[in-house]
Amino acid sequence: MKDNQLLNEVLKDIKAIIFDMDGLLVDSEPHWQQAEMEVFKRVGVELSLEDCIKTTGLPTRDVLHYWFEQSPWKGKSIPEVEHELFEEISRLLKLHAAAMPGVYETVKMAKEKGLKIGLASASPLFLIEIVLEKLDLRHEFDFYHSATLEKNNKPHPDVYLTVARHLHIPITECLILEDSYNGIKGGKASGARVVAVPDAHVFDDLKFDLADFKIRSLIELSN
């Protein structure tokens, strides 16, 4: 089966699209990396870009615990460092957040097809709202939600199930768009169909084949 035929099969009978945010809706990863390097440096933990990439896709608290286990610091608690990290990433996103290629086109396509549009992010709600305001997309989403408000963050399916419930669409009729492996795992565990949009440097990693389909950019979805 050709790629366009397979993608059409994935999209068949879909009633809602649920977006991830970081790395999928918004090109936030460089800003997260900058914020992490700056904030961890304040407690004596020098991170390289390669170090930051190791924890891409993990919930923020998991990132903090990971680096504390690797290089325990003194003087500030993990919640204090987390607060500083959120302050720094908020500042950077307000200044620099930009939509990933194909985002506006995909939203337009969904609207034209009469699909519901949701957002399920591992980031806190206040960061979701910063990004949606910056991209002028808040009014386009029927419901957005943070996995930090659930019992379990990604890769558990909780956040996707909550979004589907608020969209009043069965999860089996939802299409989830994710760039990270954790997100893909959670999406598949929810029972939805999942399209992976991995970053170019990991696109050929076989773990992303867990998704129902894999594309290089949302532009492929909206064409």
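Residues numbered from 1 in each chain as written. Predicted model: local features only at pLDDT ≥ 70, side-chain atom pairs only at ≥ 80, totals over all residues. Heavy atoms only, no water.

Visitor: Can you help me understand the pattern of salt bridges in this one?
Guide: Pairing between side chains of opposite charge can happen when their charged atoms approach one another. Taken as a whole and judged by the stated rule, the model has 15 salt bridges. Residue Glu84 is joined to Arg42 by a salt bridge in which the shortest nitrogen-to-oxygen separation is 3.0 Å. Remark: Arg42 occurs in helix H2 (residues 29-42) and Glu84 occurs in helix H5 (residues 78-96); sequence separation between them is 42 residues. Linked by salt bridges that have partners in common, Glu38, Arg42, Lys76, Glu84, Glu88 and Arg91 make up one network. (Salt bridge = Lys/Arg side-chain N within 4 Å of Asp/Glu carboxyl O. Helix = DSSP H or I, 4+ residues; strand = E, 2+ residues; numbered from the N terminus.)

Visitor: I would appreciate a short explanation of empty space enclosed by the protein in the present structure.
Guide: To locate leftover empty space, one rolls a probe as large as a water molecule over the atoms. Scanning all chains against the criterion turns up one cavity of 30 Å³ or more. Here the largest cavity defines a volume of roughly 320 Å³. Lining the largest cavity are 23 residues, with Asp22, Glu29, Trp32, Gly57 and Leu58 sitting closest to its centre. For the lining of the largest cavity, the elements supplying multiple residues, two or more each, are H2 and helix H4 (60-70). Considering each element in turn, the lining of the largest cavity owes the most residues, four residues, to H2. Across the lining of the largest cavity, the residue classes tally to seven nonpolar, nine polar and seven charged. (1 Å grid on protein atoms, 1.4 Å probe; cavity = no way out; pocket = protein on both sides within 12 Å on 5 of 7 lines; lining within 4 Å. Points joined across faces, edges and corners; volume = space filled by probe spheres on them. Nonpolar A, V, L, I, M, F, W, Y, C, P; charged D, E, K, R; others polar.)

Visitor: Help me understand unusual backbone geometry, please; the structure alone is not making it clear to me.
Guide: Leave glycine aside and you will find that most residues have negative phi; peptide bonds, for their part, are mostly trans. Note the cis peptide between Lys154 and Pro155, where omega equals 20 degrees. Mapped onto the secondary structure, Pro155 falls in the loop between strand E3 (143-146) and helix H8 (158-167). Look at Asp136: it is not a glycine, yet its phi comes out positive at around 55 degrees. Along the chain, the position of Asp136 falls in the loop between helix H7 (125-134) and E3.

Visitor: Before we go on, may I ask you to explain the environment of Glu84 in this structure?
Guide: According to the relative accessible area criterion, Glu84 is buried, its value standing at 16%. Expressed as a C-alpha distance, the spacing of Glu84 and Glu38, which sit 46 residues apart in the sequence, is 9.8 Å. The residues touching Glu84, leaving out its near neighbours within four places in the chain, are Val39, Arg42 and Lys76. A distance of 3.0 Å separates a polar atom in the side chain of Glu84 from a polar atom in the side chain of Arg42. (Buried < 20%, exposed > 50% of the residue type's maximum accessible area, 1.4 Å probe, protein only. Contact = heavy atoms within 4.5 Å. Polar contact = N/O pair within 3.5 Å; in protein donor to acceptor, adjacent residues only side chain to side chain.)

Visitor: I'm lost on the packing of aromatic side chains in this one. Help?
Guide: The description of two aromatic rings rests on the distance between their centres and on the angle between their planes. In this structure the tally under the stated criterion is six aromatic pairs. Residues Phe86 and Phe126 carry aromatic rings whose centres are separated by 5.5 Å and whose planes lie at 85 degrees to one another, so their mutual orientation is edge-to-face. Note that Phe86 is positioned in helix H5 and Phe126 in helix H7, a separation of 40 residues in sequence. A relative accessible area of 12% means that Phe86 is categorised as buried. (Phe/Tyr/Trp six-rings, centres within 6.5 Å; stacked < 30°, edge-to-face > 60°.)

Just geometry here; none of it tells us what the structure is for.
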